[in-house]
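Residues per chain are reported as follows:
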Amino acid sequence: MYLSLFIRCSARSAVAEVTGEIDLSSGPWLQESLLSFLRTSETRLLADLSDVTFIDCSGLRMLLATCQRAELQDCSLRLPRCRARSCGSPS
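Criteria and cut-off values
- Residues numbered from 1 in each chain as written.
- Predicted model: local features only at pLDDT ≥ 70, side-chain atom pairs only at ≥ 80, totals over all residues.
- Heavy atoms only, no water.
- Core = buried A, V, L, I, M, F, W, Y, C linked by side-chain atoms within 4.5 Å.
- Buried < 20%, exposed > 50% of the residue type's maximum accessible area, 1.4 Å probe, protein only.
- Helix = DSSP H or I, 4+ residues; strand = E, 2+ residues; numbered from the N terminus.
- Contact = heavy atoms within 4.5 Å.
- Axes fitted to C-alpha atoms, helices over the stretch in contact; angles between N-to-C directions.
- Parallel < 35°, antiparallel > 145°, perpendicular 65-115°, else oblique.
- Left-handed = near helix turned anticlockwise from the far one by under 90°.
- Nonpolar A, V, L, I, M, F, W, Y, C, P; charged D, E, K, R; others polar.

K.L.:
Summarise the nonpolar core; cite the residues concerned and give the values.
P.N.:
Counting 21 residues, the largest nonpolar core has V18, I22, L30, L38, L45, L49 and L77 as the members making the most contacts within it. Breaking this core down by element, the ones donating at least two residues are β2 (13-22), α1 (27-40), β3 (44-55) and α2 (57-72). Each residue touching L30, except ones within four places of it in the same chain, is listed here: L3, L5, V18, I22 and M62.

K.L.:
Please set out the packing of α1 against α2 residue by residue, giving values where relevant.
P.N.:
Relative to each other, α1 and α2 sit at 20°, their axes nearing to 10 Å. Judged on the interaxial angle alone, α2 and α1 are roughly parallel. The hand of the α1/α2 crossing is right-handed. Between α1 and α2, the contacting residues are G27, L30, Q31, L34, L35 and L38 on the first element and M62, A65, T66, R69 and A70 on the second. By residue class, the composition of the contact of α1 with α2 is 7 nonpolar, 3 polar and 1 charged.

K.L.:
Give me unusual backbone geometry: which residues, what numbers.
P.N.:
The residue D74 is not glycine, and still its phi comes out positive at about 60°. With respect to the secondary-structure elements, D74 resides in the loop between α2 and β4 (76-81). The class of D74 is exposed, set by a relative accessible area of 73%.

So yeah, pure geometry; function would need other evidence.
Here's what the structure looks like:
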């Protein structure tokens, strides 16, 4: 299993490029990484999931919880690019 995160920043927003598989074992690391970035910045974060090859129900729950926690911190996490093939369906 492989998961990587790269964050590109601009003046008003940042893009979190996520690559690999999001599941029960990798989800907590991704959640903490995204929330840590949001705690230290005052920007909007867009999660680019176009290179996610697999996400299970625990990964989806983690993304939803991360969005909700970001809102509680007066931050914003959005998921503009999620392809159906990543969401547990075979390639």
